[in-house]
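# Analysis of the macromolecular model
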Amino acid sequence: MPSSLFAGDSPGWMPRGACQGEDPELFFPITAVGPALAQVFAAKAVCFRCAVRAACLSYALATGQAGIWGGTTQEERHAMRRSSGIRAREHSAMPRSASAAAHHDGNFAGQ
Ligand code: SF4
């Protein structure tokens, strides 16, 4: 796999995600606890068979995305950033960015 696929905030790997064609709402659970856990586990099951999971996780860590990315919840990525000192870009407060929507619904046209 070319190293450019792991360029942090580069989204070139998105069209290869296993989530392409899946219901995008699966990757945006309301919470990561209680009844929503079944949704979180279902989304993670898709991620764990994904060939670009590492690049996806790197991108989500770099850009502060909401939802399930790279087999992790937003809360898990917050913990990863805290423990490693990684800072996300400013748009981390957005609940669901345009790139996230495009990524998970298969309409990614490149950026
Ligand atoms: S969210 Fe990321 S790791 Fe999960 S299936 Fe989509 S591209 Fe792969």
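The present account deals with the structure reproduced in this document. Note that the structure is a prediction, hence the values are computed from the model and not measured.

### Describing the overall build of the protein
Across its full length, the protein carries four helices and zero strands. Tracing the protein from N to C terminus, the helices and strands come up as α-α-α-α. The proportion of buried residues among the 111 residues of the protein is 42%. Partitioning the intrachain contacts of the protein with sequence separation of at least 6 by distance along the chain shows that 61% fall at a separation of at least 24. Taken as a whole, the protein presents about 5,800 Å² of accessible surface, with 58% of it coming from carbon and sulfur.

### Observations regarding the nonpolar core
With 19 residues, the main nonpolar core has Trp13, Phe27, Val46, Ile68 and Trp69 as its most contacted residues. Elements that contribute at least two residues to this core include exactly helix H1 (37–47) and helix H2 (53–63).

### Details of the pattern of salt bridges
Here the structure, examined in full by the defined rule, presents two salt bridges. Put simply, Glu22 and Arg49 hold a salt bridge, and the shortest N to O gap is 3.2 Å. Within this pair, whereas Glu22 is found in the segment before H1, its partner Arg49 is found in the loop between H1 and H2, the two being separated by 27 residues in sequence.

### Concerning the packing of aromatic side chains
Per the stated rule, a full pass over the model turns up three aromatic pairs. Ring centres of Trp13 and Trp69 lie 6.4 Å apart, and the angle between their planes is 80°; on these two criteria the pair is classed as edge-to-face. Of this pair, Trp13 sits in the segment before H1 while Trp69 sits in the loop between H2 and helix H3 (74–84), and the two are 56 residues apart along the sequence. Under the relative-accessibility criterion, Trp13 is labelled buried at 0%. Overall, the relative accessible area of 0% leaves Trp69 in the buried class.

### Thoughts on H2
By the burial criterion, the buried members of H2 are Ala55, Cys56, Leu57, Tyr59, Ala60, Leu61 and Thr63. A positive backbone phi angle near 65° is found at Gly64, which sits one or two residues after H2.

### Concerning the environment of Cys50
As for its position among the elements, Cys50 is in the loop between H1 and H2. Take Cys50: its relative accessible area is 16%, and that puts it in the buried class. In this structure, Cys50 is in contact with Gly17 and Ala18, ignoring residues within four places of it in sequence.

Reading the values: the criteria
- Residues numbered from 1 in each chain as written.
- Predicted model: local features only at pLDDT ≥ 70, side-chain atom pairs only at ≥ 80, totals over all residues.
- Heavy atoms only, no water.
- Helix = DSSP H or I, 4+ residues; strand = E, 2+ residues; numbered from the N terminus.
- Buried < 20%, exposed > 50% of the residue type's maximum accessible area, 1.4 Å probe, protein only.
- Contact = heavy atoms within 4.5 Å.
- Areas by Shrake-Rupley, 256 points an atom, 1.4 Å probe, with all protein chains shown as cover.
- Core = buried A, V, L, I, M, F, W, Y, C linked by side-chain atoms within 4.5 Å.
- Salt bridge = Lys/Arg side-chain N within 4 Å of Asp/Glu carboxyl O.
- Phe/Tyr/Trp six-rings, centres within 6.5 Å; stacked < 30°, edge-to-face > 60°.

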